[in-house]
Structures are given as structure tokens and as C-alpha cells.
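# Structural description and commentary
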Amino acid sequence: MKELSLNLRLRPTRIGFLVRPSDKASIRKIMQINTCLWGGKYNPIIPIFKVTPKEWQSDRLEYLKGYEIAKGYVRFFEPDVYVEAEEGLLEKAGLAALRSETSLNSAVVGLNEFMAKEYQGFNYPYFGQSIYDVLKHTYESERRFTLKNERPAIIASSKNDFFAHACIGVYPEGNGTKYLSDAFRNVFSPEEVDSCPETWLKLHSKSPIFPLGITFNHIERVRYSHHEPIIYLFDPNSSLDLIDLWNIRIEPSPVFPVPIKWFDDLSDFLKNLISQNYRPLKDNPHGIMHSLTVEIARSVTEKRAREVILPAFDELPQGSWRFKPWRNSIWHPPVDVLHKPQYERMKVSVSERQVHLTLKNNGQMHSQFETLSPFFAQRYSGSSFRWANVIVPKSYSDSEIVTVLPYNTFDRSWPSLGLGGENVCITQEGWVFTQDYKDWHQPLYFLKNDQAFTQWFKKLGISATLSEPGRIAKQILHSLDGFWRLHLVNDPQIVKFINKLAMRTRRHGGVDDSLIHEENFTGRTASIQEWQNQIRKHNSNHVSKFNISDYTKCNAIRLGLQTDCSHCGAKNWHDLNEVAYEVRCERCLKYYDFPQADLKKQNGNWMYRVVGPFAVPDYAQGAYCSLLTINALSKLSSPGLISSTNYSTALDLISSDKKCEIDFALWSSEVSSHDYCSNPKLVIGEAKSFGENIIKEKDISQLKIAAEMLPDSVITISVLKENFSSNEKALLRKFIDWARRPVNHEPRHWVILLTGTELFAENGISNTWKNKGGPFSKFSHYNGTRTLRDLSNSTQAIYLKMPNYYTWLRKKRNFRH
């Protein structure tokens, strides 16, 4: 029975609101709607524009323009569902595929329809969990038993003030939604307040209850010590500033939004806030201090901000605050995804647990889990996609089950992992299953590697089928029962020994390949003593220990009897199931008597023969190198496990105008310590075994075709030998120069070079390089081997003496100028 574990987390539904920055009325309505939603404060507002507003034009180099910026917001926030302020914005944000989704409930709705859905006499939100259930539970469990003025509550008196909408929360007007503001008033008996500095001070020093504040009741906001507070100076009448303010609060640092016209009235409070935050960093012996950031909105000029701020903060200790006149470019793809995201989105969580699943196979691997639900929610509701269950699956026993999939942010038509082909969001958090009902059992379907890669390539317009070497590698892995027994071929001498015993192929014929004929001959046998000698050598020099039974259990070798044919003298090996008093010669096909009276001394007739895929010649057609490469790259992202990598063995790829073969493909997701998984990188490669000049021009040509078919893929070239020949190095340098051509400051393809040094490494690549010394030890540090990018730069330097990519790029650009 196959088992799988997963981390399960409950959070509010994340709703992305698409709006033009100039549409002030819609921005106001969006903020009102979010006041009606549990978790509404953390629903992003995504600006859609073709021409970048002048306030947002940066002096720094910007390579994203117009609608590409909106797509960047979508990538950063990864909403579960979307609300359009006007029809057509979905397509401009690159989300056209969501419009044609065939799931039961659409993941897109218009802004004007969002609060028009009637249920039991009330207008409920189209998406998400209504704040009404929070108010009702608060009243029933707390407020009716306590004095209502025990903790003061406030509500805005003005319905037209943008500060109130963005910082206090204003409920929408209308007969169908008035019940929400009535409920807030009935539960908390709030004081009506104007938008003024006094209200601001009350909001940030008295901790009152306010409409926008209760939207994050029962929600844990994950922050760390390095998420230091931000004072955000903005103009409440600027719709651009309001969008930025709304979104900056979805980043982890606590935000104090200060209307710049109130700065003088609030400066004493702000100075005190800065002083309180200016304290030594815990457990740091170097005197580093925490400091607060003063960030200005993009509508506020730097000159004006300095004129207002500097005189007020002149008395504060130097270094106690930082001035930041720009907005984080969250719309740019992360530069440093390999260690942590360039900018972070705050993790919000309600509850979390570990789940262990038993998988069933009725044509497809499947299981189900009991969902997590908000304890205060009604079982049923008039809303859809009320909250989300996020899972991070990990398989420790079956690397054939896919647990790593590429993000499907802009097109969720694949994969279908839920009930009835339900589409699921694959994100940096994990797999997102939105829920409509409380206390539900969520069906969960899994793909196997072959299915996942074949289906994914098909979406790209590429037909992918396992090649003959791919099938052989898959059979070897099946015999080994997965990667955990790959150590049986993790020794160059053992691999060479097995290959020597494999079948032999003789080729003969003319120059034309069509005239060449192949003849296969049965492989050699080896005695018990020969196998024991090989294993003894291995066990004395390696960490992993094994014996002959490990090979027989995985059907790599089989014991039999060897005799000499009395007719032609050929040596014959007989499977134990075939031994009889009369045996047949494999060469002359004649029968002869088993030599009962002429057996060799010391069990000399008992011999082992490699069988199954291990008997395939040419190092199982490169299967050993492919599998060892996948194993080495998998340990890079998840040491000791295959849980952060999924793979395919060799594939034939055919598109409309190209055809090639790749020796392996894998998705590698690099996990950081910041609750962030990078979008899995596709790694493809060429795997060769031993030989002087085994990498040839045709291999490089095949890789170029594959690279053009699969943009942004990482390319790995691996060999079982310990170095590359001078001819191979020349080919590799030329190929890497081609792959290094920059696209948005990154190479077209990162290229990794691996040899037997890395593939046969038992204690990890870093330790192996450290112990090997020479050029290897220079790159054995953490940043030399941790990631695909690091490994690319390190291996190119070691084997080809090529400079780091970024050093190479700087020199290239300086030369041009």
C-alpha cells in the first residue's frame, strides 16, 4: 500500500481585484467589499494599465511595461479567484484561460455582481467568507456576556472619505448589504469618528475594534524579527497611493499609513515609535540595531517628503530610521529565487496539521483528506470559494508519484487533481483547494511521472514519449524499488563490472547506417568469488555497504550453473529453473548431458549473470548516468530525499517543426527557509558514460534543438568519467557561450556540467569537492553547490575555467561600451 504525507493549512480565499488605476469609484467599491470579507484586508488590488502612470515611472532600469506589470502583480499575489471592475481586464492581465474554464463555479465575476447574490434574504459575497459569520460568532461567544465598552469600537461617520475606506473600513450601502453595518453596530456599539489626526492616534494607540480590523480575526499573520515596521506617507486622495497602500500591507512588515498632510500632528507619536523600535538585534554581538523605514508614496515627491520629515526627525539617533523613496518592485520576477524571494508576501494562516494518506489505485492514484474549516463559519452559504485548504505533498516511499508541479498561475486547465477533474491552483504555497462547505472530505488525485510530463509537454505543443533508453532506465529504477537503492550502482568500478557482464553487440556493414547490422550475444558470467571481491573493494572504500543478496533481491543478477557443451565446446549458463539432466547449448542448439560426474571444484560451476535491464549493453544505454544525474540534482534541492523533485527518464520530443531526444527531464523546486518554494525549474540533459570523446557535435546539436523547444530550461551535461577531454571542452565552451546570451539579465539557459566526481558522491557534492581539493574545494562552500544556478557557475569554473556568469556579462557589456 502506497502512503503519502502532506502539510495541510487553512487560510482565507485570496481574491484579486482587477481595476484601472484611474477608476476611483471602483477602487472605493473594492475597499468596501473587502470590509465585508473575512481576510478582506489581504486581498490584493491589481492595477491594469497599458501606459505606465508617470508617478510609477522609475529612474531605474525597467524592462516590464504596461500589461506586463499587471501580470507581475498576478505572479506575486497568486489570487485564487478574480473580480473585474470592468469586463476585459482579465485578458489584459494574461488570465484569458480562466474565462473559458469548465469547472462548476467560475473563478471570475464582475465587480457589480459581487454583492448581488441573494441567500436567505441577504446579499452574500460571490466569493469568500462573509464577515457576518465572524460578527455573529463574536456576539454569541463574547459580546453578549461582556460590557460593550470594555474594548472601544469605532466606525467612520463619512462614507466618502478615502482614508476611512483604506484604514478604518466602510461597509457598502444598499438594502441588500445594510445588514452588515447593522450587525457591526449591534455587536460593538461603535463610536462614530471623523477622519482626522485624533482618529489616527486612537486607531494606532488605543487598539479599538474597527470594521477593517475584524476582517483578520482568527487569522495568524506570520512575521519574523527582520520584518521591521514601515511608516508609509501617502496622499489619501491619490488612487495610485491607495492601491500601493492596500498592497503593501500584504507584505510582512507592519505598516503605519500616515497621510502626509497630518504628519506634523502625528510627528511626536512617530518619533516615539522610531525610538521604541531602535533596539539591539537579539543575539547579535556586533551591535546591529533594529531600525524603522519611512517610505513615501509615489505621488509624493522626494523633495516634499524630505522637507516635511527631516526637521521633525532631526533629533533622532543616526541610523534609527531609513528613508525609502521608492516602492518594492513586486511585479518583477524574483532575482534571488534560489535562496528566497526578492520580495515576500505575508503568510496568513488559520490552522495547520500534518496528514498521512493511504493511496488507492483504481486506474489512477487517489485518496481524500478531511478539510480544515473556520470554526465560526456556517456549514452552507450563498458564497462560493469560501476559504482555501493549501497542501504541500511529500512522498517518502514512491518517487513515481508527482509532488512537484510547475505553477499554473495563468492557466489552470492542467493539472486536474480534484473531484470530477477539478482544476487546482499550483502556487508557491502549495496546491490550493478552495472550499464551499464546512467539514468536507476533499478527493485528491495524483499523477505519475510519465503522465505528468507527457501531459505538460502536450500543453506546450510537444509530443513526448519514452524512448528505448528511457524505458530501460525506468525498468532499472523499478527493479531497485526507487532511488533509495541506487547506491547499488553508485560506484564506478561496480558499474564497469556490471557492464562487462552485460550483453555484447557486434556491428558490421557499410558506411550507410541503413546497411549496418547488429548482432547481440549473451553476456558473460562471473563467479561468486569475483562478485565477493568487487563488493569487498566497495565496502572498504565507501560509506554504503551491501552484499550479493542486495543484487539478487532486486533481480540485477541471477545464480545459475555453467557447463561446457560436449559438441562445440561453448560455455553455457543455465537458469536454475532450466537445469535438467539434459541441457541445450545456446550456440549450436544441440542437447548434451549435464556433467554430473565432472563438476568443478569449490563451486566452480555456480556463476552469476546480470539479467533484465542490467543486461543491456553500453551501460544500460546510458541509464546509469541518467539516474545518477537525477539523484544528484534531487539532493541539491532536498538533501537525502526526492520529495522536491519529479523526473522523467529519456524522452523523444516532437513539435510541429522540431524533433530531438533528451536523456532525462525533471522539475526541481528549491525550498527556502522562508516558507517559499520557487517555481519548479525544468532541467533537461544529455547523459553519457565512459570514453575519451563521448560528447560529440551531434549531441550538442540535439541539446540546442531541445533548448529552443523548451525556453528557460536548465541544461545538464553529465558523464560517468571524471573529466572532459580537450575536444569535449571546446564543444562545451562554444555551447555555453550560446546558452549564456542574456534574457532580462539572466542567461537564456543555465548549463550544469557533472562528472563521476559529482554523480558518485556519497556525502553530497559539497563534501566531495571539499575532500577532493584543488579547484573543487574553492566551490565547496554553501553558495557554491546549494542551487542549480550556483552549481552551473561552479561546474563551469571547475571543468572549463569559465568566469561566473555575472562577471562574464559585466565584462561583455563594458567591452561594448
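Read on for an overview of the structure.

Conventions and cut-offs
- Residues numbered from 1 in each chain as written.
- Predicted model: local features only at pLDDT ≥ 70, side-chain atom pairs only at ≥ 80, totals over all residues.
- Heavy atoms only, no water.
- Buried < 20%, exposed > 50% of the residue type's maximum accessible area, 1.4 Å probe, protein only.
- Helix = DSSP H or I, 4+ residues; strand = E, 2+ residues; numbered from the N terminus.
- Pairing = 2+ DSSP bridges.
- Core = buried A, V, L, I, M, F, W, Y, C linked by side-chain atoms within 4.5 Å.
- Contact = heavy atoms within 4.5 Å.
- Salt bridge = Lys/Arg side-chain N within 4 Å of Asp/Glu carboxyl O.

Most of strand S12 (residues 255-259) is tucked away, with five of its five residues classed as buried. Of the two faces of S12, the one holding Val255, Pro257 and Pro259 and the one holding Phe256 and Val258 are both buried throughout. Pairing geometry for strand S11 (residues 230-234) and S12, over five bridges, is parallel. Bridging across to S12, Leu233 finds its partner in Val258.

Ranked by internal contacts, the top residues of the largest apolar core, which has 236 residues, are Ile309, Phe313, Trp431, Trp531, Tyr551 and Leu653. Ignoring anything within four residues of it in the chain, the contact list for Ile309 reads Leu233, Phe263, Val294, Ile296, Trp321 and Phe323. Cys565, Val583, Cys585 and Phe594 belong to the second-largest nonpolar core, a separate cluster that totals seven residues.

This part covers the sheet that holds strand S28 (residues 571-575). The four strands are arranged S26-S31-S27-S28 in an open sheet whose pairing can be described as antiparallel. What marks the edges here is a single partner per strand, and that holds for strand S26 (526-527) and S28. Here strand S27 (residues 557-564) pairs with strand S31 (residues 606-610) via five bridges, running antiparallel. Residue pairing for S31: Gly560 is matched across the bridge by Met607.

Attention now goes to the environment of Phe49. Secondary-structure assignment places Phe49 in the loop between strand S3 (45-47) and helix H2 (67-77). Residue class for Phe49 comes out buried when judged on its relative accessible area of 5%. For Phe49, the residues in contact, after removing those within four places along its chain, are Pro21, Trp56, Gly66, Tyr67 and Ile69.

Tallied over the full model, the rule gives 33 salt bridges. Glu429 serves as the salt-bridge partner of Arg9, at 2.6 Å between the closest nitrogen and oxygen. Taken together, the residues Arg9 in strand S1 (residues 3-12) and Glu429 in the loop between strand S20 (425-426) and strand S21 (431-435) connect sequence positions 420 residues apart. For the pair Arg9 and Glu429, a shared accessibility class is recorded, and that class is buried. Here the salt bridges do not stand alone but share partners, grouping Arg9, Arg11, Arg14, Glu78, Asp80, Arg345 and Glu429 into one network.

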